[in-house]
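Structure assessment
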Amino acid sequence: MVRRSLLYCPGDEREMMEKAVESGADVVIFDLEDAVVPAARDEARRAVRETIEGLEQPDPSISVRINPLDRGGSRDFAAVIRDAETLPDSVVLPKAESAETVAALTSQLADVGAEFVDVIPLIETAAGLVAAEEIAGESGVVAVAYGDQDYTADVGATVTDEKSESLYARQRVVAAAGATGVDALDTVYTDIDDADGLREQTETVIGFGFDGKLAIHPAQVDIINQTFTPDSEEVEWAEKVIEGQEQANKTETAVFTVDGQMIDPPLVDRARTILDRADAAGNH
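Residues numbered from 1 in each chain as written. Predicted model: local features only at pLDDT ≥ 70, side-chain atom pairs only at ≥ 80, totals over all residues. Heavy atoms only, no water.

The name given to the protein in an unreviewed UniProt entry is CoA ester lyase, with Haloarcula terrestris as the source organism. What UniProt records for the protein under Cofactor (unreviewed entry) is the sentence "Mg(2+)". (UniProt positions renumbered as here; feature names shortened; annotations may be inferred.)

**Points about the layout of surface pockets**
Taken as a whole, the largest pocket spans an internal volume of roughly 320 Å³. As for the largest pocket, its lining consists of 15 residues, of which Asp183, Asp211, Asp269, Thr273 and Arg277 are closest to the centre. Here the lining of the largest pocket takes seven residues from helix α12 (residues 265–280), the largest share from any one element. Within this model, the second largest pocket holds a volume of roughly 260 Å³. Breaking the lining of the second largest pocket down by element, the ones donating at least two residues are α8 (167–180) and α9 (195–208). (1 Å grid on protein atoms, 1.4 Å probe; cavity = no way out; pocket = protein on both sides within 12 Å on 5 of 7 lines; lining within 4 Å. Points joined across faces, edges and corners; volume = space filled by probe spheres on them. Helix = DSSP H or I, 4+ residues; strand = E, 2+ residues; numbered from the N terminus.)

**Points about the sheet that holds strand β6 (residues 143–146)**
Across a sheet, strands are paired by hydrogen bonds formed along the backbone, either parallel or antiparallel in direction. Taken together, the eight strands give a closed barrel; going around it, the order is β1-β2-β3-β4-β5-β6-β7-β8, and neighbouring strands pair in parallel fashion. Between one strand axis and the next, the sheet turns by 25° as a mean value, whatever way the strands run. With two bridges connecting them, strand β7 (residues 183–186) and strand β8 (residues 212–215) associate as parallel partners. By the bridge assignment, Leu185 is partnered in β8 with Gly212. (Pairing = 2+ DSSP bridges. Axes fitted to C-alpha atoms, helices over the stretch in contact; angles between N-to-C directions.)

**Comments concerning the environment of Ala238**
When you line up the elements, Ala238 lands in helix α11 (residues 232–250). Each C-alpha atom of the pair Ala238 and Glu115 lies 34 Å from the other, and the pair is 123 residues apart in sequence. In this view, Ala238 contacts Ala271, Ile274 and Leu275; residues no more than four positions away in its chain are not counted. (Contact = heavy atoms within 4.5 Å.)

**Some points on the UniProt feature "domain: HpcH/HpaI aldolase/citrate lyase" (unreviewed entry) in the protein**
The UniProt record annotates "domain: HpcH/HpaI aldolase/citrate lyase" (unreviewed entry) at residues 4–218. From the first C-alpha to the last, residues 4–218 spans 14 Å; its make-up is 42% helix and 18% strand.

**As for the pattern of salt bridges**
Oppositely charged side chains may form a pair once their charged atoms are brought near each other. Applying the stated criterion across every chain yields a total of 26 salt bridges. Where Arg199 meets Asp196, a salt bridge forms, and the shortest distance between an N and an O atom there is 3.6 Å. Of this pair, Arg199 and Asp196 both sit in helix α9, separated by three residues, roughly a single helical turn. Note on Arg199: relative accessible area 29%, which makes it partly exposed. Through salt bridges with shared partners, one network takes in Asp31, Glu33, Asp34, Arg65, Lys95, Glu124 and Asp150. (Salt bridge = Lys/Arg side-chain N within 4 Å of Asp/Glu carboxyl O. Buried < 20%, exposed > 50% of the residue type's maximum accessible area, 1.4 Å probe, protein only.)

**With respect to the nonpolar core**
Counting 58 residues, the largest nonpolar core has Phe30, Val48, Val64, Leu105, Leu109 and Val144 as the members making the most contacts within it. Not counting residues up to four positions away in its chain, the partners in contact with Val48 are Gly11, Met17, Phe30, Leu32, Val64 and Val80. Grouped together as the second largest cluster of nonpolar side chains are 14 residues, Trp237, Ala238, Ile242 and Ile274 included. (Core = buried A, V, L, I, M, F, W, Y, C linked by side-chain atoms within 4.5 Å.)

**With respect to the pairing of strand β5 (residues 118–123)**
The buried fraction of β5 amounts to five of the six residues, a majority that puts the element mostly inside the structure. Sheet topology places strand β4 (residues 90–93) next to β5; four bridges connect them, and they run parallel. Within β5, the position partnered with Val92 by the bridge is Ile120. Once the chain exits β4 it traverses helix α4 (residues 99–111) before rejoining the sheet at β5, and the crossover so formed is right-handed. (Right-handed = clockwise from strand over helix to strand, strands pointing away.)

**So, the side chain of Ser61**
In this structure, Ser61 sits in strand β3 (residues 61–65). Polar side-chain contacts of Ser61 include one of 3.4 Å to the side chain of Asp89. Excluding residues that lie within four positions of it along the chain, Ser61 makes contacts with Met1, Asp26, Val27, Val28 and Asp89. (Polar contact = N/O pair within 3.5 Å; in protein donor to acceptor, adjacent residues only side chain to side chain.)

**Overview of helix α7 (residues 148–155)**
Within α7, the full set of buried residues consists of Asp148, Tyr151 and Thr152. Buried residues along α7 cover an arc of 95° about the axis, so they all sit on one side. Exposed positions of α7 whose direction lies more than 90 degrees from the buried face are Gln149 and Ala153. On its buried side, α7 packs onto α5 (126–130), β6 and α8. (Arc of directions from axis to C-beta.)

Rendered as structure tokens:
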């Protein structure tokens, strides 16, 4: 599936969760971690479980961000996975710092017969970044996400408008995702009124190789989706590449050309990504 936009929604706000499902986001994340104060988490767990159970074939993929397993996450897991009649499509695991952290979650999913629920670890600490490849390569992981605010706080970085302090972290997450064949998801853009800034940052991380971006407000979803959606020229090029690949397969040719450009397997993969994103937007 395509994960261009992933919209966080507080797990203790039922009306907001229901509206988020209609936002156009590719993934909606019902949040039991940062968006919910500790005193409200029991009610939030009930609200998330009941909201998921009340959804009828939602358009977006439904995810739940639990707390770290050793900090309330086990209770989240019990409420929205073990004891739930309808399960989310994926679980977002914050503060993932090792492959063992992820394996602990996937083991619990297997124990309750929910191994089909995908896992999206959040890289938010220096330890997590160092272990990014191992985390991304764990069984059940479909994407890894970068959390900028927690990461920069953890390493004591000075936050700049240019986000130069996050360059290495972002590139390492993309590399880890690419090495293991999963999606790379960029951090949230916190200024919900700065549409131009969001668009500019999204264009930048697309250039880095990210597959999608986290969002904190429904107004950000269209901008993210539009920016990740290929234009007509890109789609036309990708279609030519796939057609050329099909012909090359018939003649057992490894390399071919499109409009004078030599096409090899990496560019074929790029063409497929373009068409996948276009399909998700209904543009192909």
